[in-house]
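Each chain, written out:
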Amino acid sequence: MEELKIGLIKKCKREVKREELADKVGSGVLKVYSTPSMIAFMEYTSEECVNPLLEEGETTVGIAVDIKHIKATLVAKKVECISELIEIDGKKLKFKLTVSDEDGKIGIGNHTRFIVNSKEFMKKIKK
Ligand SMILES: CC(C)(COP(=O)(O)OP(=O)(O)OC[C@H]1O[C@@H](n2cnc3c(N)ncnc32)[C@H](O)[C@@H]1OP(=O)(O)O)[C@@H](O)C(=O)NCCC(=O)NCCS
């Protein structure tokens, strides 16, 4: 079975939906792909990159993002995210990310996730 190692890569593709636009998300007023939606796509792709290789009962949670949104994208455009695992520091996993639309790069940066046991993580949160 494949193991968690530096160099793992995941690519995900999707189409920009109306509910992902800045005026719908509330992060701006224009009808363009929102930065939070792009970051969510980056988080999803990074999670997918490593989740199949975790122990039973484990998942990852996002703990840091350092992202640049460099170009605007309209609804219905196709976007692709590439996430590469570039650092493993105990339970901390660092990913390098690129998001492109049909015309080129729209987002770049790094994202860190932390491996947790799902049940224990939820139990520790104060109600
Ligand atoms: C991930 C989390 C459980 C770690 O907490 P913990 O188990 O108590 O671990 P610690 O606080 O001892 O941190 C462990 C390491 O991660 C680092 N770390 C924790 N949070 C960090 C963050 N946000 N950014 C960078 N590093 C972080 C700590 O500095 C420590 O590093 P070290 O081992 O080099 O000293 C906690 O930060 C958390 O719950 N974050 C919120 C995650 C979340 O809800 N995400 C949204 C859902 S996906």
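One can find the structure itself at the top, above this paragraph.
All figures in this text were calculated on a predicted structure; none of them were measured in a lab. (Residues numbered from 1 in each chain as written. Predicted model: local features only at pLDDT ≥ 70, side-chain atom pairs only at ≥ 80, totals over all residues. Heavy atoms only, no water.)

A. Layout of the environment of Lys-96. Relative to the elements of secondary structure, Lys-96 occurs in strand β4 (residues 92–101). On a C-alpha basis, the gap between Lys-96 and Lys-126 in space is 32 Å, while along the polypeptide they are 30 residues apart. Excluding its chain neighbours within four sequence positions, the residues that come into contact with Lys-96 are Ile-82, Ser-83, Glu-84, Ile-86, Gly-109 and Asn-110. (Helix = DSSP H or I, 4+ residues; strand = E, 2+ residues; numbered from the N terminus. Contact = heavy atoms within 4.5 Å.)

B. Spatial organisation of the site of the ligand. Near the ligand you find Val-61, Gly-62, Ile-63, Lys-92, Phe-114 and Phe-121, and these make up its full shell. At 3.5 Å, a side-chain N or O of Lys-92 approaches an oxygen atom of the ligand. For the ligand, the protein covers 37% of the area, taking 940 Å² as the surface of the free molecule. Partitioned by chemical class, the residues of the shell around the ligand number four nonpolar, one polar and one charged. (Near = heavy atom within 4 Å. Polar contact = N/O pair within 3.5 Å; in protein donor to acceptor, adjacent residues only side chain to side chain. Areas by Shrake-Rupley, 256 points an atom, 1.4 Å probe, with all protein chains shown as cover. Nonpolar A, V, L, I, M, F, W, Y, C, P; charged D, E, K, R; others polar.)

C. Representation of a nonpolar patch on the surface. On the surface, a cluster of nonpolar side chains totalling about 280 Å² of accessible area is made up of Phe-121, Met-122 and Ile-125. Residue placement: Met-122 occurs in helix α3 (residues 118–124). (Patch = residues over 30% accessible without salt bridge, like charges linked within 9 Å, V, L, I, M, F, W, Y side chains within 5 Å. Salt bridge = Lys/Arg side-chain N within 4 Å of Asp/Glu carboxyl O.)

D. Expanded view of the pairing of β4. For strand β3 (residues 78–89) and β4, the ladder comprises nine bridges, and the chain directions are antiparallel. Residue Leu-85 lies in a different strand from β4, and its bridge partner there is Phe-95. Taken together, the ten bridges between β4 and strand β5 (residues 104–117) define a ladder with antiparallel strand orientation. Note on β5: the bridge partner recorded for Val-99 is Gly-107. Between β4 and β5, which follow one another and run antiparallel, lie two residues. (Pairing = 2+ DSSP bridges.)

E. Seen up close, the nonpolar core. If you look at the biggest cluster of nonpolar residues, it comprises twelve residues: Cys-12, Val-16, Leu-21, Tyr-33, Met-38, Phe-41, Met-42, Val-79, Cys-81, Leu-97, Val-99 and Ile-106. Those elements giving two or more residues to this core turn out to be α2 (35–50), β3 and β4. No other element matches the three residues that α2 contributes to this core. When sequence neighbours within four positions are dropped, the list of residues in contact with Cys-12 reads Phe-41, Tyr-44, Thr-45, Val-79, Glu-80 and Cys-81. (Core = buried A, V, L, I, M, F, W, Y, C linked by side-chain atoms within 4.5 Å. Buried < 20%, exposed > 50% of the residue type's maximum accessible area, 1.4 Å probe, protein only.)

F. Structural view of α2. With 16 residues, α2 should reach 22 Å at 1.5 Å per residue; the first-to-last C-alpha distance of 23 Å fits that figure. Within α2 the residues assigned to the buried category are Ser-37, Met-38, Phe-41, Met-42, Thr-45, Ser-46, Cys-49 and Val-50. Where α2 is buried, its residues touch β1 (9–15), α1 (22–25), β2 (58–69), β3, β4 and β5. (Expected span 1.5 Å × (residues − 1).)

G. Layout of unusual backbone geometry. For Ala-76, which is not a glycine, the phi torsion comes out positive at approximately 75°. Mapped onto the elements of the fold, Ala-76 is located in the loop between β2 and β3.

H. Broad picture of the side chain of Thr-59. Locating Thr-59 in the fold gives a position in strand β2. Note on Thr-59: relative accessible area 18%, which makes it buried. For Thr-59, the contacting residues outside a window of four places in its chain are Glu-47, Asn-51, Leu-54, Phe-114, Ile-115, Val-116 and Ser-118.

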